[in-house]
Amino acid sequence: MRFEKVRAFLATAAAVVLLGIGYVATPAQGAAMPAQRAEQHTVAFDQYSMIIDGQRTFLWSGEMHPFRLPSPALWRDVLEKMKAIGFNTVSFYFDWGYHSPAPGIYDFTGVRDMDRLLTIADQVGLYVIARPGPYINAETDGGGFPAWLATQAGRARSDAPDYLAATDEWQSAIDAIIARHQVTDGRGSVILYQIENELAATGASQRNYLQHLYDKARADGIQVPIFHNDKGRNGYWVPPSSTVPGTLPGPVDLYAFDGYPGGTCRTDGTVGSPNVAPDWGIQGAGGAKGGATASDKTPGFTAEFGGGWFDYWGSVGTYPCTALRQGPGYERVFYGANIANRLTVQNFYMVSGGTSWGWLPAPVVYTSYDYGAAIDEGRQLRPKAQTLKTLGYFVQSVAPLTKVDKGDDVPASSTAARIEHTVNAETGTNFYFAVHNPSNATTDDSFTFPLITADGSYTVPLRLNGQDAKTLVANYDLEGNHLVYSTSEIMTHLRGVALLHGRDGEAGETVLRYPTEPKVQVLEGAASAAYDAKTGDLRLTYSHHGIIRVRVTAPDRPSLTLLVADEDAAATFWRVDDVLVRGPQLVRAARVHDGRLALTGDTTASAPLEVWGPARTLTWNGKPVAARSSGGALLAVRHLPGPREIVLPDLTAWRYAAESPEAKPGFDDAAWRTAGLTSTNSTTKPPAGQVVLTADDYGFHHGDIWYRGHFDGPAPAAVTLDWGGGGAGLAQAWLDGAYLGQRTIPSGVAAPPTRNNDTFTVPPALLTDGPHVLSIMVRNNSHNEDGGVNDAHKEGRGVIGATFDGVVPSGVTWRVQGTAGVDPVRGPLNNGGLYGERNGWSLPGFPDRSWSARAVPDTSAVAGTSWYRTSFDLKIPADIDASLGLTIGDPATPRSDRHYRVLIFVNGWNMGQYIADVGPQHTFALPTGVLNPRGRNTIALAVTSDGEAALESVRLTTLGVARR
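Residues numbered from 1 in each chain as written. Predicted model: local features only at pLDDT ≥ 70, side-chain atom pairs only at ≥ 80, totals over all residues. Heavy atoms only, no water.

**A few points about the side chain of D879**
The test is simple: Each helix is a run of H or I in the DSSP string that is no shorter than four residues. Each strand is a run of E no shorter than two, and both are numbered from the N terminus. Each residue is assigned to one of three classes by its accessible area relative to the maximum for its type, calculated with a 1.4 Å probe on protein chains only: buried under 20%, partly exposed between the two thresholds, exposed over 50%. As used in this structure description, the phrase polar contact means that two N or O atoms lie within 3.5 Å; if the pair is within protein, one of them must be able to donate a hydrogen and the other to accept it, and residues adjacent in sequence are counted only when both atoms belong to side chains. By definition, residues are in contact when any of their heavy atoms lie within 4.5 Å.
Along the polypeptide, D879 turns up in the loop between β49 (863-873) and β50 (880-888). The class of D879 is buried, set by a relative accessible area of 18%. Side-chain polar atoms of D879 contact the side chain of R644, separated by 2.5 Å. Dropping the residues within four chain positions of it, D879 is found in contact with R644, A962, R963 and R964.

**A short note on the environment of Y698**
Mapped onto the secondary structure, Y698 falls in the loop between β39 (673-674) and β40 (703-711). Distance in space between the C-alpha atoms of Y698 and G676 is 9.7 Å, their sequence separation being 22 residues. Excluding its chain neighbours within four sequence positions, the residues that come into contact with Y698 are R673, T674, A675, G676, L677, V692 and L693. A distance of 3.2 Å separates the side chain of Y698 from the backbone nitrogen of G676, its partner in a polar contact. One polar contact links the side chain of Y698 to the main-chain carbonyl oxygen of V692, over a distance of 2.6 Å.

**Topic: the sheet that holds strand β8 (residues 226-231)**
For the record, the criterion: Two strands pair under a simple rule: DSSP has to find at least two bridges between them. Only the stretch in contact is used when a helix axis is fitted, and all axes are lines through C-alpha atoms; the angle between N-to-C directions ranges over 0 to 180 degrees.
Read around the barrel, 8 strands follow the order β4-β5-β6-β7-β8-β11-β12-β13 and close on themselves; strand pairing throughout is parallel. Along the sheet, successive strands turn relative to each other by an average axial angle of 30°, direction set aside. Judged from the 3 bridges that link them, strand β6 (residues 127-131) and strand β7 (residues 190-197) form a sheet pairing that is parallel. What sits directly across from I129, in β7, is L192. Here helix α6 (residues 161-179) sits on the sheet and contacts β6 and β7; the angle it forms with β7, its principal contact strand, is near 165°.

**A short note on the nonpolar core**
Defined as follows: Each nonpolar core is a collection of buried residues, namely Ala, Val, Leu, Ile, Met, Phe, Trp, Tyr and Cys, held together in the definition by side-chain atoms within 4.5 Å.
Membership of the largest hydrophobic core comes to 139 residues, with the highest contact counts inside it found for W60, F92 and F94. Here this core takes 9 residues from α6, the largest share from any one element. Here F92 is in contact with E63, M64, P66, L79, L117, L118, A121, V128, I129, A130 and R131, once residues within four sequence places are set aside. Among the nonpolar cores identified, the runner-up in size contains 54 residues, and F67, W357, A362 and Y900 belong to it.

**Concerning the pattern of salt bridges**
Put simply, the rule is: Only one rule defines a salt bridge in this text: a Lys or Arg side-chain nitrogen within 4 Å of an Asp or Glu carboxyl oxygen.
Taken as a whole and judged by the stated rule, the model has 53 salt bridges. R418 is the partner of D279 in a salt bridge, and the nearest nitrogen-oxygen pair spans 3.7 Å. Of the two residues, D279 is situated in the loop between β11 (254-259) and β12 (301-306) and R418 in strand β15 (residues 417-423); the sequence distance between them amounts to 139 residues. Of the charged contacts, one joins R963 and D879 as a salt bridge, the two residues approaching to 3.5 Å between their closest N and O atoms. Linking R963 in strand β55 (residues 954-963) with D879 in the loop between β49 and β50, this pair joins segments that are 84 residues apart in sequence. Ionic contacts of the salt-bridge type, sharing partners, join the residues D77, E80, K81, R379, R588, D602, D881 and R964 into one network.

**A word on the sheet that holds strand β52 (residues 909-915)**
Within the open sheet, the 6 strands sit side by side as β48-β38-β49-β54-β51-β52. Their pairing is antiparallel. Each edge of the sheet is formed by a strand with only one pairing partner; in this case those strands are β48 (852-854) and β52. Pairs of neighbouring strands in the sheet enclose a mean axial angle of 30°, with direction left out of account. The sheet contact formed by strand β38 (residues 654-658) and β48 spans 3 bridges and is antiparallel.

**A short note on the pairing of strand β42 (residues 730-735)**
Judged by how many residues are buried, β42 sits mostly within the fold: 6 of 6 residues are covered. Going residue by residue along β42, you find L730, Q732 and W734 tucked away on one face and A731, A733 and L735 tucked away on the opposite face as well. As defined by bridge partners, β42 adjoins strand β43 (residues 738-744) across 6 bridges and the pair is classed as antiparallel. From the neighbouring strand, A731 faces β43, where its bridge partner is R743. In textbook terms, the turn of a hairpin is the stretch between consecutive antiparallel strands, and for β42 and β43 this stretch comprises 2 residues, one of which, D736, has a positive phi near 55°. Note: β42 against strand β45 (residues 772-780), 6 bridges, orientation antiparallel. Note on β45: the bridge partner recorded for A733 is I776.

Keep in mind these values describe shape, not function.
Here you go:
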């Protein structure tokens, strides 16, 4: 039975589910959302930093992709977490192909509502770096190009007229949204706009192309500065203001570049030796290829700097390793080096990786795009997020960082260490970045270095243990008190409170200057104080452990409370605007009204609550909190409660049906497209004398494609297919209903092949006279990216050519079938051309009562595709945010002998592909909004097997639980 009417109804119902559940604001959260700003703002820059409304601003940005989180209800959750861990800016790629299933058709509704996304970012209080492409790369299908672009004649990323007409179409659509969210006219927070990405081709065609994009953006009302992201610091496409020899000027206002330095993850998934951070700014060698030095009139700008790395089909599963490799030590060393090099616009790729659901992933990646990021795929904060927080709070709190020059060379007493010195000439503030030399990146070393400022000369003791770095501040106004220097790092300061931090057990000293001896009170922990009347220096010495609280009071100076924390203790602090909070696992927002401080956040366990800020009473997630005064703070009388335990249901009562009727000789394919084209713009042409078979030419761009070749005469002894399937692609073949076997494209490397040539041997029993039907199913695991500006996205998918016994057959009539259409809710990347997909088997309301009951794990399989469906209820309490996943098989037991794969549909959403014999992924994130946490859910699994491997165990998994 055809299922279009039911499919349309269920798609509409799914939209109601998607938009109506998930991240639900409590009354306090809803009340806390600020109205959009109405005032206009100025945006300028010089070689030091961005300047907003005349105020120098350090843009500390993290990358997040809305298309990798198909639940608008969760966008606020992730963006609030980014703000909480120290970011003041978010970078968004916009994926052209995600919004455009066909030329002239653009969809910005539901999960594709970018207007809603930008509104949320503004409400959360984040500036936005908008990156609309047209080409984005980003490990996405076609690098973000719509699949229909693969059929164009003109070369992509050039000034070919048909390509420019297509980009005009895209820019008109996306620019209209971006333009009404710019900070310059007060309607939003978009502060920068990127044209193109990593365009390494430098010919006149590309120059014309970039100029076209720039002019189009300006004509569309884009007012903010425009930039391009240079891949690998080539000095390409710098603004005309650059006077650096060897650079290539382009139509941009700012120069930006990317870089992914770091250590390695070994083939067993463990971390290798760390590398040492490069100097891509004022501390480096300079010149056109020196990074930020390629543009001498604009601020240092890393459009992408490694926050992790993607993983590939057939790997050992390196995301846990990547999270450590680009973990706290890496962040302190590499991001700290960027700060010392005056890179005052830094964007880390990724901070929240998300999921490449459906047919979104490029051939180089599988479903999970966790990336080892600070916010993992289940939206949980990794330990590395806490180090990001210390750095993010620091760069936003210590304003002199936004205008520094290279200072005098500073020698360290040990050759194992080096000091990079910068100075703000206007304030006299000095910064000393201490890091190991390359050959000593893992040593434990104690040393001293000379510190010379307007306050005098000092010999400063310091320790670096392994992959670590520290940025020390000297000659600085610390809340109206003069900081001479501290060997503890500044995390933040506000309203008479300064939070410093250091490694547990390491000695620290902080020197403040007063004209007369101040009063010193040690409120908690152990610290010693000594005042030198000759110099006016108050020296506090201590060992970092837990929290040390010291109050310093002096005449004619504001009272100062120093909080000195080790790293674990520092992680418990959160700064929200003018409020400092300690205790909860996450603080999202703080609003003060009539002396009442309304806090919102999460607890993952019972937690204390302590607050420094302008408040007399407290609420937490809308509920009053009893509190008392304690050392200048408000301290909750009782701990905040953690989440209640949740119980997940077992997945039982499976229903089963086999499909692949297309393999049977009598299947009616009369309604299928007849493959009759004789020319193609694909880069992979058919053999001479054969019609075009590539799927894109017939409008079938994603997922599975079926071919049926009808011919008379004798059957061939062998059929050889030239076929394209993307990363870990699959082809299965039948002759007259008899299964010939399956072939897969090899995997296990970061840049896998995406096209194969395979022979299927025909059994002797089938070598009879016709008529015959050759049935072929090809799984298209996405189009290549076009990073080389060589039209790689036009490589053919599906069957490219077929030969019988080595000869191009004559008299074959080919018919082709792919997806039945675009899902109106889930978009063009959700469905392929399986029979079950074309007939609604993936949707929650499909009537499967006539299907047979089946146990999972199963013990038998059929060649081709079979479907398993079950429904279950979830009863997650309304105040609990539970991140759930679906796990297939045993992650601890790889099964290279199990040749089957599964498309996972949850309430109709294609949430990924499990490939048992390739891996490495076993657990698939199911975001709230796709999954209904308080109601009915349906899982449909499309299992494609070689006929021997059967479906393994399937279960729900908890990825994280928090109380809201």
